[in-house]
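Close look at the chain arrangement
So you can see what is in the structure, the chains are spelled out below.
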Protein chains: 2
Amino acid sequence: MDKLNEVTNYLKENGIDAAFITTPDNVFYLSGFMSDPHERLLAVAVFKDAEPFIIAPKMEVPDVKAAGWTGGVIGHEDTDDAWEIVANAVKERDVHPASIAVEKVHMNVERFERLSTLYPEASFTGLDDKLNAMRNIKGEDELEKLRKAAELADYAVEVGCREIAEGKTELEILMAIEFEMKKKGVSHMSFDTMVLSGPKTASPHGNPGTRKIQKGDFVLFDLGVVWEGYCSDITRTVSFGEPTDKQREIYETVRRAEQAAVDAVKPGIRAMDLDKTARDVITEAGYGQYFTHRLGHGLGISVHEFPSIHGANEIELQEGMVFTIEPGIYHPDVTGVRIEDDVVVTADGVEVLTKFPKELQIIG
Amino acid sequence: MDKLNEVTNYLKENGIDAAFITTPDNVFYLSGFMSDPHERLLAVAVFKDAEPFIIAPKMEVPDVKAAGWTGGVIGHEDTDDAWEIVANAVKERDVHPASIAVEKVHMNVERFERLSTLYPEASFTGLDDKLNAMRNIKGEDELEKLRKAAELADYAVEVGCREIAEGKTELEILMAIEFEMKKKGVSHMSFDTMVLSGPKTASPHGNPGTRKIQKGDFVLFDLGVVWEGYCSDITRTVSFGEPTDKQREIYETVRRAEQAAVDAVKPGIRAMDLDKTARDVITEAGYGQYFTHRLGHGLGISVHEFPSIHGANEIELQEGMVFTIEPGIYHPDVTGVRIEDDVVVTADGVEVLTKFPKELQIIG
């Protein structure tokens, strides 16, 4: 409950009486309980001077307790007015909030108006920055899970490479990967697994399909797993058969760009400079126009979280931040290549979580 | 663009100058373009007296056009201030909105505050009820897609039944189903496919795992596919080997409850009465305490949408509404059984979209 205490202390320091936290990822971060309640109310209620509680759909109450939450849990049914139940529980704690913190990036306007009606005299502040700042810096317990998630992602790419064969479809390879992951106890991938081949690699957001793999194709894997609530995200591009000189040149350019950025990671460097480090390599090689997205994104409970590694983000990296580095070149006439690692900022440099080789793998 | 015109007319009738629609499902409903932009801005801007436009992440602009959207499309990059771009585009159209409609159930407080800062004089109203009312009643074009999605779900259950064998794991069966769906061109399931066996059927929200199926198990499939943007959602429970009398009794109780509700569907009946129709059958059989959730939920672009079919919802069913009917009994000592159909309210009754047999299937 260290994280919960940190929120409580934040409320005390800032004279905020109550916080209602409703983002599923933040609920998990604070309570260990992960659930997507859809339109139903799931919230952690934290107070300056009273015991916290969770309100959850009634059928999930046992799961909240099983997740290790030792505070109060209140269930609500579809036929209940869930916010009314919250207001009663707050009153029972003898709390009469004059200032309330919510996640302004998650709480919708309807709920906000409802809360404003329940507490018409209260002022409202955002809790987003505080929670993001907490989540931005991973503790050792979180890094352990991220390492394991990355290790499984490495293995998933290995499985994918093993599955590549003339005439096999992208989807067949994808299913083989996911099945192997499920056997390893992975219940969810971080996002839709991507296996793209040949010309389809040239789209940064392609859809795997029934295209049959053939000699001369590059095959791109972009995938990750969720392990105990934490995500990995790896991309590797491999060659099925001998690559052409042009394919190899593009590959090596991306590889140099990626490595340059990885090598530059350390506390104090700005996100924008890291983006520039990789982008410069690609631009100097003449492919700048084909690198059409940011360098990377934060990684943790969410597969896209802070910090964002893009050319206008002045944030300085700090020890404990975790993010992806994933430059790419998407050349419509040759091939697409993307290489992506998950990295941790350490006291004096970088720890790379994903370890699948980055030398061009030639298969078959 | 009929749907877009309906929104425009709604703005005219209500004297609202502009609407910004940001829910991905509603963006798809109005534009044909489906995307999850994560934290990035994706919005359809509709005006009382000016041409609509879409603002989207720059790399998705070609996809917006490919989806058939013929209005303006504005791209933004991660380094841009997307709302500033919106404000400029609005100004270029010579629109100076004094009243603005947003989806209060989707728009977050931060965006709302940003919009309020951009238009400090404007009043804000909710567009949720209008969009929900539109989406609540499916047109023939939508029903066609829902029929196809249901047909594929029927086939998925058929595949699942074929795969059942002594010693096979839930996950093996699940992967076989999803692989077959992908071969049929299904890029996404509506939600995480559920294959549960034996005692695991007694949890309404269980996780498929490596449990090996054995004779005497009930096996529960709960799954659906997305077809051209529309979802299906079917549940069937089958018996691997001869069921016990108790298993059969529970199955037949659920089946009677489900059929009673299906037979009661027609315009004018209230959602709560439909819930009661099924619940009464289960309660009278002595299993009321084991039916722990609502009867069903609306179905369309979202797998959970309006109308909600629960015991406190007084809404009267209308022709064109589509929802699930899915009573269940979750008996911890015997078995869980759920049977779920997707139904359409017709002019004089009901069309059942899911057609997999409901007589207890005995396999092996």
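Residues numbered from 1 in each chain as written. Chains lettered and ligands numbered in written order. Predicted model: local features only at pLDDT ≥ 70, side-chain atom pairs only at ≥ 80, totals over all residues. Heavy atoms only, no water.

Note the threshold: UniProt positions are given in the numbering used here, feature names are shortened, and annotations may be inferred rather than shown by experiment.
Looking at an unreviewed UniProt entry, one finds chain A named Xaa-Pro dipeptidase and attributed to Edaphobacillus lindanitolerans. Its UniProt record gives chain A a comment under Cofactor (unreviewed entry), which states: "Mn(2+)".

A few points about the domain arrangement of chain A
Residues and elements named next belong to chain A. Note the cut-off: Domain limits in this description derive from either an automatic procedure or a database domain assignment. Any pair of residues with heavy atoms lying within 4.5 Å of one another is described as a contacting pair. Here the quantity called buried area is the accessible surface, traced with a 1.4 Å probe, that two parts lose on coming together, added over both. Note on definitions: salt bridges are taken to be side-chain nitrogens of Lys or Arg within 4 Å of carboxyl oxygens of Asp or Glu.
Domain boundaries assigned for chain A yield domain 1 (2-136) and domain 2 (140-363). If you average the C-alpha positions of domain 1 and of domain 2, the two centres end up 36 Å apart. Taken together, the contacts link eight residues of domain 1 with 14 residues of domain 2. Where domain 1 abuts domain 2, roughly 830 Å² becomes buried across the two surfaces, and 47% of that area is made up of carbon and sulfur atoms. Sorting the residues of domain 1 by area buried against domain 2 places F28, R135 and N136 first, and these three jointly supply 60% of that buried surface. Scanning the region where domain 1 abuts domain 2 turns up two salt bridges.

Considering the sheet that holds strand β1 (residues 18-21) of chain A
All names here are of chain A. The condition that has to hold: Only strands that DSSP links by at least two bridges are regarded as paired with each other. What counts as a helix is a DSSP run of H or I of at least four residues, what counts as a strand is a run of E of at least two, and both are numbered from the N terminus. Angles here are taken between N-to-C directions and fall from 0 to 180 degrees, while the axes themselves are lines fitted to C-alpha atoms, restricted in helices to the stretch in contact.
Here six strands make up an open sheet; going across it, the order is β4-β3-β2-β1-β5-β6 and the pairing mixed. Edge strands, defined here as strands with exactly one partner in the open sheet, are β4 (72-76) and β6 (123-126). The mean angle between the axes of side-by-side strands here comes to 20°, regardless of whether they run parallel or antiparallel. As paired elements, strand β5 (residues 99-102) and β6 share four bridges and run parallel to each other. Looking at β6, one finds that S99 is bridged to S123.

Considering the UniProt feature "domain: Peptidase M24" (unreviewed entry) in chain A
UniProt records the feature "domain: Peptidase M24" (unreviewed entry) at residues 144-347 of chain A, using the numbering of this structure. Annotated as 33% helix and 22% strand, the span residues 144-347 of chain A places its first and last C-alpha atoms 17 Å apart.

As for the sheet that holds strand β19 (residues 362-363) of chain A
Residue and element names in this part refer to chain A. The strand order across the open sheet formed by four strands is β7-β8-β11-β19, and the pairing between neighbours is mixed. At either margin of the open sheet sits one strand with a lone partner, and together these are β7 (194-197) and β19. Lying on the sheet, helix α8 (residues 170-183) is in contact with β7 and β8 (218-223); it crosses β7 at an angle near 150°.

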